[in-house]
Amino acid sequence: MHDDWVRQIDLELDDELSLTERAALARHLVGCRHCAEARVNHLEMRVAFARSAGEPHARTVPRHPMRGRTLALWMAISLVVGTAAGWLGHRRWAGPSPEPLEATRASFVAQ
Ligand SMILES: [Zn+2]
């Protein structure tokens, strides 16, 4: 039962609750110390995330600071670099080369 409210707290802090849901949550928090403390903990966790992200005055924090956008970005970058290096290697040696991947990468960096 409380778990449901804790989930609602998370959504509330992400600005994803309707006014009705928000009101219901507020009403529950008035009478439930357990959930009220959970909300404080969630808020403090977000403050810590915001600080570690260098934005101590941020209003909201991405729900998964590391797993979300950052990881997607890095995957996109490594995909592009990998493709470019592969393409470069293909152009230079015309086909799968006996050179190890490191050589390909070095020539890519040198360009
Ligand atoms: Zn509760």
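The structure presented is a predicted model; accordingly, all values stated were derived computationally and were not measured.

1. Some points on the overall build of the protein chain
- The helix and strand inventory of the protein chain stands at 5 helices and 0 strands.
- Counted from the first residue to the last, the protein chain has its helices and strands arranged as α-α-α-α-α.
- Long-range pairs, those at least 24 residues apart, make up 34% of the contacts in the protein chain with a sequence separation of at least 6.

2. What about helix H2 (residues 19–31)?
- The end-to-end C-alpha distance of H2 is 19 Å, a good match for the 18 Å that 13 residues give at a rise of 1.5 Å each.
- Buried residues are scarce in H2, accounting for 0 of its 13 residues.

3. Here we look at the confidence of the model for the protein chain
- Of the residues in the protein chain, 67% have a pLDDT of 70 or more, and the chain-wide mean is 80.
- Mean pLDDT across the elements of the protein chain ranges from a minimum in helix H5 (residues 101–110), with 65, to a maximum in H2, with 97.

4. As for the packing of helix H1 (residues 2–13) against helix H3 (residues 33–52)
- Interaxial distance between H1 and H3 falls to 10 Å at its minimum, and their mutual angle equals 35 degrees. Two packed elements cross with a definite hand, and for H1 against H3 that hand is right-handed. The residues of H3 that touch H1, namely those facing His2, Trp5, Val6, Ile9, Asp10 and Leu13, are His34, Cys35, Ala38, Arg39, His42, Leu43 and Arg46.

5. Here's the deal with unusual backbone geometry
- Positioned with a positive phi, Asp15 is a non-glycine residue whose angle comes to about 65 degrees.
- Accessibility expressed as a C-beta count within 10 Å gives 9 for Asp15, which makes it exposed.

6. Regarding the packing of H1 against H2
- At a minimum axis distance of 10 Å, the contact between H1 and H2 shows a crossing angle of 125 degrees. Judged on the interaxial angle alone, H2 and H1 are oblique. Considering only the axes of H1 and H2, their crossing is left-handed. Across the interface between the two elements, Trp5, Gln8, Ile9 and Glu12 from H1 touch Glu21, Arg22, Leu25 and His28 from H2.
- Broken down by class, the residue content of the contact of H1 with H2 amounts to 3 nonpolar, 2 polar and 3 charged.

Calculation rules
- Residues numbered from 1 in each chain as written.
- Predicted model: local features only at pLDDT ≥ 70, side-chain atom pairs only at ≥ 80, totals over all residues.
- Helix = DSSP H or I, 4+ residues; strand = E, 2+ residues; numbered from the N terminus.
- Contact = placed C-beta atoms within 7 Å.
- Expected span 1.5 Å × (residues − 1).
- Buried ≥ 20, exposed ≤ 12 C-beta atoms within 10 Å, placed from the backbone.
- pLDDT = per-residue confidence, 0-100.
- Axes fitted to C-alpha atoms, helices over the stretch in contact; angles between N-to-C directions.
- Left-handed = near helix turned anticlockwise from the far one by under 90°.
- Parallel < 35°, antiparallel > 145°, perpendicular 65-115°, else oblique.
- Nonpolar A, V, L, I, M, F, W, Y, C, P; charged D, E, K, R; others polar.

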